[in-house]
Amino acid sequence: MRSHVWGGTAAAVLGALLVAGCGGGDGGGDGTANRAAGGADATGHPVTVTDCQGAGTTFRKPPEKIVTSNAAALELLLRLGVGDKVIGTGFPPGKGTLPDGLDAQARQVKVLSRTVIPKEKLLGSGADLYIDTFAAMKMGGGMGDAPTEKEFQAAGIAHMHLKSTACAARRSSPMTDLSAVEDDITALGKVTGTAPEAEKLVRGMRKKVDAVQKAVGSTPERKRPTYFFFDYDAGTKQPTAVCNRQVAHAVITRAGARNIFADCDGAFKKVGWEDVISRNPDWIQLAVRNRGSAAADEKAFDAARKWLETNSATKGLTAVKKGRFLRIHSERTTIAGVTDADTVEEIAETLYPGKVG
């Protein structure tokens, strides 16, 4: 297992240690940050985190210049109160798409790329930490290869992963709860010196999800409604299924529903409409990306519903005929964030009226 020590922008490589069993199926470790050996300072440092292969990185102090791969990591840092440390991001959030007054703060963050940050720009950004939501996911988009760990080290950039999404393909079992997301938030809090804030966010998530579980968790599996996440923006010619290693599967499961593609190992998979028809879902989430305004969102939701109601392959589905649709943004379901718990609550309230809330 590799181990690196970082202090600000200077990186000291301790060496490469081959350890039997390192890099297990679940991405190495439980995803949380652990206090490194030795005394901790006022910020709780040193702190060690692991990547998808189980390699450890130790932070001797909180990072000062952070680059995020996308809006998910950026939003978490804003919620932790360290948005002023973020010097750039890829896949920026659209104007008006972030909740809880975070939008104005996000507007102040430099956009390094509208998609994947080009390798040269990332390495030359001056960052001392890059938070990676993608890792092994194929997110190249024609932007060239991602930096190697040696290149990150040479540039003085620590490389940290949001393991709930970045390591999803390496999991050895389905993601059926939000513990991996909670671990990501806890790890970010420890690394950035905001552990109390992270604990508060996690407590809030658990309170909502626990309330849902108390209300509907005892419902027998066979009586739970089946659920299809319709990713309208991913294309309608061939639907994209959210599989059992994806955060959305955990959200759907915690809400007391059954993902119709729960038997699909992995994160996402292209399927055929005949696969959806054969599973005939009880409910369909009209999953569209946040457009930044209520009017634009409603227009997109309406378009997704109309497509299902008028397409010859889908208009006969039970959920379509009975008008059983949920209008929930895809970001709130498929990426790691505090709002995953809100989505669990919203789905459960819809599927189990009168039992939740």
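Just so you know, these numbers come straight off a predicted model, no measurement behind them.

The next subject is the overall build of the chain. Looking only at helices and strands, one finds 13 helices and 15 strands in the chain. In the chain, which comprises 357 residues, the proportion classed as buried is 51%. Relative to all contacts within the chain whose residues are 6 or more apart in sequence, the contacts with residues 24 or more apart total 67%. Carbon and sulfur atoms form 50% of the exposed surface of the chain, whose accessible area is close to 15800 Å².

By volume, the largest pocket amounts to about 1300 Å³. Asn70, Arg289, Glu331, Thr334 and Ile335 are, among the 44 residues lining the largest pocket, the residues nearest its centre. Going through the elements one at a time, helix H1 (71-80), helix H5 (163-166), strand E10 (226-231), strand E13 (268-270) and helix H12 (331-334) are the ones with two or more residues in the lining of the largest pocket. Sorting elements by how many residues they give to the lining of the largest pocket places H1 first, with 5 residues. Considering only residue class, the lining of the largest pocket consists of 20 nonpolar, 14 polar and 10 charged.

Quick look at the packing of helix H6 (residues 179-191) against helix H7 (residues 195-216) now. Where H6 meets H7, the axes come as close as 7 Å, and the angle between the chain directions of the two elements is 165°. Viewed along their axes, H6 and H7 adopt a mutual orientation that is roughly antiparallel. For the element pair H6 and H7, the recorded crossing hand is right-handed. From H6, Val181, Glu182, Ile185, Thr186, Gly189 and Lys190 reach across to H7, where they touch Ala195, Ala198, Leu201, Val202, Met205 and Arg206. When its residues are assigned to classes, the contact of H6 with H7 shows 7 nonpolar, 2 polar and 3 charged.

Let us now look at the side chain of Arg224. Within the secondary structure, Arg224 sits in the loop between H7 and E10. Among buried Asp, Glu, Lys and Arg side chains, Arg224 stands out as unpaired, with Glu221 the closest opposite charge at 4.3 Å. Within polar-contact distance, the side chain of Arg224 engages the backbone oxygen of Gly217 at 2.9 Å. Non-local contacts of Arg224, meaning those with residues more than four positions away in its chain, are made with Val216, Gly217, Ser218, Thr219, Thr253, Gly256, Ala257, Arg258 and Tyr352.

Within H1, 10 of the 10 residues are buried, which leaves it mostly tucked inside the rest of the structure. Looking only at H1, the buried set comprises Ala71, Ala72, Ala73, Leu74, Glu75, Leu76, Leu77, Leu78, Arg79 and Leu80. The backbone nitrogen of Ala72 has a side-chain oxygen 3.2 Å away, supplied by the residue at the start of H1, namely Asn70. Immediately beyond the C-terminal end of H1, within one or two residues, lies Gly81, with a positive phi of roughly 85°.

This part covers unusual backbone geometry. Cis geometry is adopted by the peptide bond preceding Pro46, which originates at His45 and carries an omega value of 5°. With respect to the helices and strands, Pro46 occurs in the loop between strand E3 (34-35) and strand E4 (47-50). One non-glycine residue, Asn280, lies in positive phi territory at about 35°. Structurally, the position occupied by Asn280 is in the loop between helix H9 (273-279) and strand E14 (283-287). Asn280 gets classed as partly exposed once you look at its relative accessible area, which sits at 30%.

Once that is clear, we can look at the confidence of the model for the chain. Chain-level statistics for the chain give a pLDDT mean of 88 and a share of 86% at 70 or above. pLDDT under 50 marks residues 137-143. Its contacts with residues more than four places away, or in other chains, come to 10 contacts.

On to the pattern of salt bridges. Taken as a whole and assessed by the stated rule, the structure comprises 13 salt bridges. A salt bridge links Arg279 to Asp263, with the nearest nitrogen and oxygen atoms 2.9 Å apart. Linking Arg279 in helix H9 with Asp263 in the loop between strand E12 (258-259) and E13, this pair joins segments that are 16 residues apart in sequence. Note on Arg279: relative accessible area 30%, which makes it partly exposed. You can call Asp263 exposed: its relative accessible area is 56%. The network of salt bridges with shared partners includes Glu298, Asp302 and Arg327.

Ordered in space as E7-E6-E8-E9, the 4 strands form an open sheet in which the pairing is parallel. Edge positions in the sheet fall to strand E7 (86-89) and strand E9 (158-161), since each has one partner strand and no second. Across this sheet, the average inter-strand angle for adjacent strands is 25°, counted without regard to direction. For strand E6 (residues 66-68) and E7, the ladder comprises 3 bridges, and the chain directions are parallel.

Here the focus is the packing of aromatic side chains. The full count for this structure, using the stated rule, is 9 aromatic pairs. Ring centres of Phe228 and Phe261 lie 6.2 Å apart, and the angle between their planes is 65°; this geometry places the pair in the edge-to-face category. Of this pair, Phe228 sits in strand E10 while Phe261 sits in the loop between E12 and E13, placing them 33 residues apart in sequence. Phe261 shares its class with Phe228; the two are buried. Aromatic ring contacts, followed pair by pair, group Phe228, Phe230, Tyr232, Phe261, Trp273 and Trp307 into a single cluster.

We now examine the pairing of E10. The buried fraction of E10 amounts to 6 of the 6 residues, a majority that puts the element mostly inside the structure. Neither face of E10 is left uncovered, since the one carrying Thr226, Phe228 and Phe230 and the one carrying Tyr227, Phe229 and Asp231 both have all their residues buried. Note that E10 and E12 share 2 bridges and pair parallel. Bridge pairing links Tyr227 to Asn259 in E12. Bridge analysis of E10 against E14 gives 5 bridges, and the strand direction is parallel. From the neighbouring strand, Phe229 faces E14, where its bridge partner is Gln285.

Rules used throughout
Residues numbered from 1 in each chain as written. Predicted model: local features only at pLDDT ≥ 70, side-chain atom pairs only at ≥ 80, totals over all residues. Heavy atoms only, no water. Helix = DSSP H or I, 4+ residues; strand = E, 2+ residues; numbered from the N terminus. Buried < 20%, exposed > 50% of the residue type's maximum accessible area, 1.4 Å probe, protein only. Contact = heavy atoms within 4.5 Å. Areas by Shrake-Rupley, 256 points an atom, 1.4 Å probe, with all protein chains shown as cover. 1 Å grid on protein atoms, 1.4 Å probe; cavity = no way out; pocket = protein on both sides within 12 Å on 5 of 7 lines; lining within 4 Å. Points joined across faces, edges and corners; volume = space filled by probe spheres on them. Nonpolar A, V, L, I, M, F, W, Y, C, P; charged D, E, K, R; others polar. Axes fitted to C-alpha atoms, helices over the stretch in contact; angles between N-to-C directions. Parallel < 35°, antiparallel > 145°, perpendicular 65-115°, else oblique. Left-handed = near helix turned anticlockwise from the far one by under 90°. Lys, Arg positive; Asp, Glu negative; His and termini not counted. Salt bridge = Lys/Arg side-chain N within 4 Å of Asp/Glu carboxyl O. Polar contact = N/O pair within 3.5 Å; in protein donor to acceptor, adjacent residues only side chain to side chain. pLDDT = per-residue confidence, 0-100. Pairing = 2+ DSSP bridges. Phe/Tyr/Trp six-rings, centres within 6.5 Å; stacked < 30°, edge-to-face > 60°.

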